[in-house]
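The chain contents come next:
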Amino acid sequence: MMNESPLNNFPLSVLDLVPISEGATVSESLANSVSLAQHAEGLGYQRFWLAEHHNMPNIASAATTLLMGHIAGNTQKIRVGSGGVMLPNHSPLIVAEQFGTLAHLYPNRIDMGLGRAPGTDPMTAQAIRSDRMTAAQHFPYEIEKIEKFLSDDNGGVQVRAYIAEGVSVPMYILGSSTDSAYLAAAKGLPYVFASHFAPAQFMDAIEIYRKNFNSSGATKTPYVMACVNVIAADTNEHAQYLSTTLKQVFMSIITGNLRKMPPPVENMDALWSPYHAEAANKMLTYSFIGDKPTIKTQLEEFIAKTNIDELMVVSHIYDHQERLKSYQLLAELV
């Protein structure tokens, strides 16, 4: 008997940064996000999460909870969440009230992913919340505040998030380093690692998380979600061509020269130096690029090596129809 592929019935989800492509408007990018969510729902993806970024010309996901409501209102059953809300940017009370409201509007469909990074540059982070550094240092306590606001046993206090009390909103800890692994483990919460752009500490982080997991927390067993880049196409050659958009995006991050998501090019060597190529390729460690057989082999090896519980996929592809097709080809593998 042949061994069953670890991809069979494996949970797949989507992380959407709502990229703004060159030549496209913000309105078109937001419409593409709805289109992608509906497409993913039809293909059987588990969840559709939206990132939080600020002061970036190429990303339209600044108002994360507003977008969550828009996506949830234009879909029927797919779970919609934050990947994540950068908690030190926000008041825990307001976050609880926003997610409580969403949970009443879309019962049993809302996820709360929480991160500590600013999702922007230091100056913008300061403009978002003047005491952000203090809030970042108190990240575990800020989470506890939200947990208290969401609990159904929150009487006897003067400040309450009434609309959020007792609602069902699963909480996830996001991270890109080992610090977040210790926190997720201590709280017994599912752990989501940003290996799609920060792969260096991924293996160490998930080992720390599992080793230190507190089974008396909200989740009884460890649950690891890995965010990865996937660019699937009919041929390896076309997938590699499409991937030059992602490579240009990473190059812009490395150089600090942020721009709208560019179209693919025939030759990256004409655009980047060996230094930029090396730095970008390190960020691309957990990127799966190719046709279906290639992607299948790569992901089977990745899942077997990491023993993750769910894949959360981001696909920086310039053409929206090509992006939809990439998610379709991936879904056909599970």
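See the structure above.
Residues numbered from 1 in each chain as written. Predicted model: local features only at pLDDT ≥ 70, side-chain atom pairs only at ≥ 80, totals over all residues. Heavy atoms only, no water.

Visitor: Where do I start with empty space enclosed by the protein in this structure?
Guide: Gaps left between atoms are located by rolling a probe of water-molecule size over the structure's atoms. Applying the stated criterion to the full structure yields 1 cavity of 30 Å³ or more. Estimated volume of the largest cavity: approximately 40 Å³. Every residue lining the largest cavity is listed: Leu-15, Asp-16, Leu-17, Val-18, Pro-19, Val-314, Ser-315, His-316, Arg-323 and Tyr-327. For the lining of the largest cavity, the secondary-structure elements that each account for two or more residues are β1 (12–16) and α12 (320–331). (1 Å grid on protein atoms, 1.4 Å probe; cavity = no way out; pocket = protein on both sides within 12 Å on 5 of 7 lines; lining within 4 Å. Points joined across faces, edges and corners; volume = space filled by probe spheres on them. Helix = DSSP H or I, 4+ residues; strand = E, 2+ residues; numbered from the N terminus.)

Visitor: Please clarify how the pattern of salt bridges should be interpreted in this entry.
Guide: Where charged atoms of side chains with opposite charge meet at close range, the side chains can pair. The final tally for this structure, using the stated rule, is 12 salt bridges. In this structure, Glu-310 engages Arg-47 in a salt bridge whose closest nitrogen and oxygen atoms are separated by 2.8 Å. One end of the pair, Glu-310, is in strand β10 (residues 310–314); the other, Arg-47, is in strand β2 (residues 47–50), and 263 residues separate them in sequence. In terms of burial, Glu-310 and Arg-47 fall into one category: buried. The closest approach of N and O atoms between Lys-187 and Glu-147, which form a salt bridge, is 3.1 Å. You can see Lys-187 sitting in helix α7 (residues 178–187) and its partner Glu-147 sitting in helix α6 (residues 139–150), a full 40 residues away along the chain. Residue Lys-187 is classed as buried on the basis of its relative accessible area of 17%. Relative accessible area serves as the criterion here: at 28%, Glu-147 is assigned to the partly exposed category. When salt bridges that share partners are traced, they join Arg-47, Arg-79, Asp-111 and Glu-310 into one network. (Salt bridge = Lys/Arg side-chain N within 4 Å of Asp/Glu carboxyl O. Buried < 20%, exposed > 50% of the residue type's maximum accessible area, 1.4 Å probe, protein only.)

Visitor: Help me understand the pairing of strand β5 (residues 110–115), please; the structure alone is not making it clear to me.
Guide: Every regular strand shows the same layout, with side chains that alternate between the two sheet faces. For β5, a buried count of 6 out of 6 residues is recorded, marking the element as mostly surrounded by other parts of the structure. Here β5 shows a buried face lined by Ile-110, Met-112 and Leu-114 and a second buried face lined by Asp-111, Gly-113 and Gly-115. Here strand β3 (residues 79–82) runs beside β5; their pairing, made up of 2 bridges, is parallel. Bridge assignment links Val-80 to a residue of β5, and that residue is Ile-110. Bridging between strand β4 (residues 85–86) and β5 involves 2 bridges; their strand directions are parallel. Each bridged residue has a counterpart across the sheet, and for Met-86 the counterpart in β5 is Gly-115. In this fold, the crossover linking β4 to β5 by way of helix α3 (residues 92–105) has right-handed handedness. In terms of strand pairing, β5 meets strand β6 (residues 171–175) through 3 bridges, oriented parallel. (Pairing = 2+ DSSP bridges. Right-handed = clockwise from strand over helix to strand, strands pointing away.)

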